[in-house]
Amino acid sequence: MTAAIQIDGVSKRYGRTVALDAISFDVAAQEVFALLGPNGAGKTTLLHILSTILRPDSGTVTIGGVDALAHPTRSRRDIGVVFQEPSLDDRLTVFENLNFHGLVHGVPSALRRRRIGELLDLVELTDWRDKLVRTLSSGMKRRVEIARALTHDSRILFLDEPTVGLDAQSRDRIWRYIARLRSTRDLTVVVTTHYIEEVEACDRVCIIDHGKILALDSPATLKATYGQQLLRVVPHADAAAEIAMDYPDATIRPDGEMVLQSSGDVFAESFLARYGSRIRRLSVEEPSLESVFLSLTGREIRDQAATGRERTLAFGRQGGEHTR
């Protein structure tokens, strides 16, 4: 399959800090490609380089067959970007934001109006066309930004943490729009995220940490290669120190939950038999991308800024749970 994006040996430093360390990979045309990693992993730096905002210290970047470092203006014709930080003008209406973007990119008037209408329909904001952006919810603003990024008929869409700060319903909605765009517009999508559950439906996932690629493959292959069964335990206070001593490799989360690498149901049963009523809650999690990251880095990727409700939703989607 033809490569829409080619990255070879891209490195970037900020002083002594290595943000990217000789990153190389290709993204196929019409692929949904996820960059997965914790905050500070280098995801946003890489996306800024791909969108020609930032130049790498070394390496090459090709976008749609064009050398993006030598010809950034030509490359921008093919790309749309939704930044992590809001970038709409909230003093303008939804239509005015999209129309201004189309003007900047030289989209003819009649085509611009038709395309804006189609995109607003796609993201279900036609009824909000003439509303000031400041009156919209955070999720609606994100949908406007996605529509704006496609107003100039871009074929490659970069999304930097598109659902950060949104509630679970809005996050699910954004991903439905991404799936619809891909199927209707032959779109290539590169998305950064630290929400593991969001990348299950992506074609390939690139796990990145400390500026290095740790693994890159389809979600299924990553889980088959690196995934492990995990035991999630919430102990009573009198058992926490003993378990931590007995299992020094356990990951202890800020809320007191302990995560242990499990070798199967027998391990869970023996653990439960050993600690019995001193365990408040125990659940077995089958191999997941969460366990892939834990296996590769020795720590969890869970979003420390997520609300308790978001963490509960993410946890509830995994494995079977036993409560004592």
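With respect to the overall build of the protein chain
Broken down by element type, the protein chain carries eleven helices and 15 strands. What you see for the protein chain is a C-alpha radius of gyration of 22 Å, in line with the 20 Å of a compact globule of 324 residues. Each principal axis of the C-alpha distribution contributes one length, and for the protein chain these read about 70 × 45 × 35 Å. Here the protein chain holds 324 residues, and 49% of them are scored as buried. Within the protein chain, residue pairs in contact and separated by at least 24 positions form 72% of the contacts whose partners lie at least 6 positions apart. Roughly 15200 Å² of accessible area belongs to the protein chain as shown, and the carbon and sulfur atoms make up 49% of that amount. Positive and negative charge centroids in the protein chain, built from 42 and 44 side chains respectively, lie 6 Å apart.

Things to note about a nonpolar patch on the surface
Residues F100, L103 and V104 make up a contiguous nonpolar surface patch of roughly 330 Å² in combined accessible area. Mapped onto the secondary structure, L103 falls in helix α3 (residues 94-104). Overall, L103 belongs to the partly exposed group, its relative accessible area being 48%.

Re the sheet that holds strand β4 (residues 58-63)
With antiparallel pairing, four strands are arranged side by side in an open sheet as β2-β1-β4-β5. The sheet is open, and its two edges are formed by β2 (17-28) and β5 (66-67), each paired on a single side. Where strand β1 (residues 3-14) lies against β4, five bridges are found, and the strand directions are antiparallel. Pairing of D8 across the sheet is with T60, part of β4. Each of β1, β2 and β4 touches helix α1 (residues 43-50); the most contacted strand, β1, lies at about 120° to it.

The rules behind each value
Residues numbered from 1 in each chain as written. Predicted model: local features only at pLDDT ≥ 70, side-chain atom pairs only at ≥ 80, totals over all residues. Heavy atoms only, no water. Helix = DSSP H or I, 4+ residues; strand = E, 2+ residues; numbered from the N terminus. Rg over C-alpha atoms; globule rule 2.2 N^0.38 Å. Buried < 20%, exposed > 50% of the residue type's maximum accessible area, 1.4 Å probe, protein only. Contact = heavy atoms within 4.5 Å. Areas by Shrake-Rupley, 256 points an atom, 1.4 Å probe, with all protein chains shown as cover. Lys, Arg positive; Asp, Glu negative; His and termini not counted. Charge placed at Lys NZ, Arg CZ, Asp CG, Glu CD. Patch = residues over 30% accessible without salt bridge, like charges linked within 9 Å, V, L, I, M, F, W, Y side chains within 5 Å. Salt bridge = Lys/Arg side-chain N within 4 Å of Asp/Glu carboxyl O. Pairing = 2+ DSSP bridges. Axes fitted to C-alpha atoms, helices over the stretch in contact; angles between N-to-C directions.

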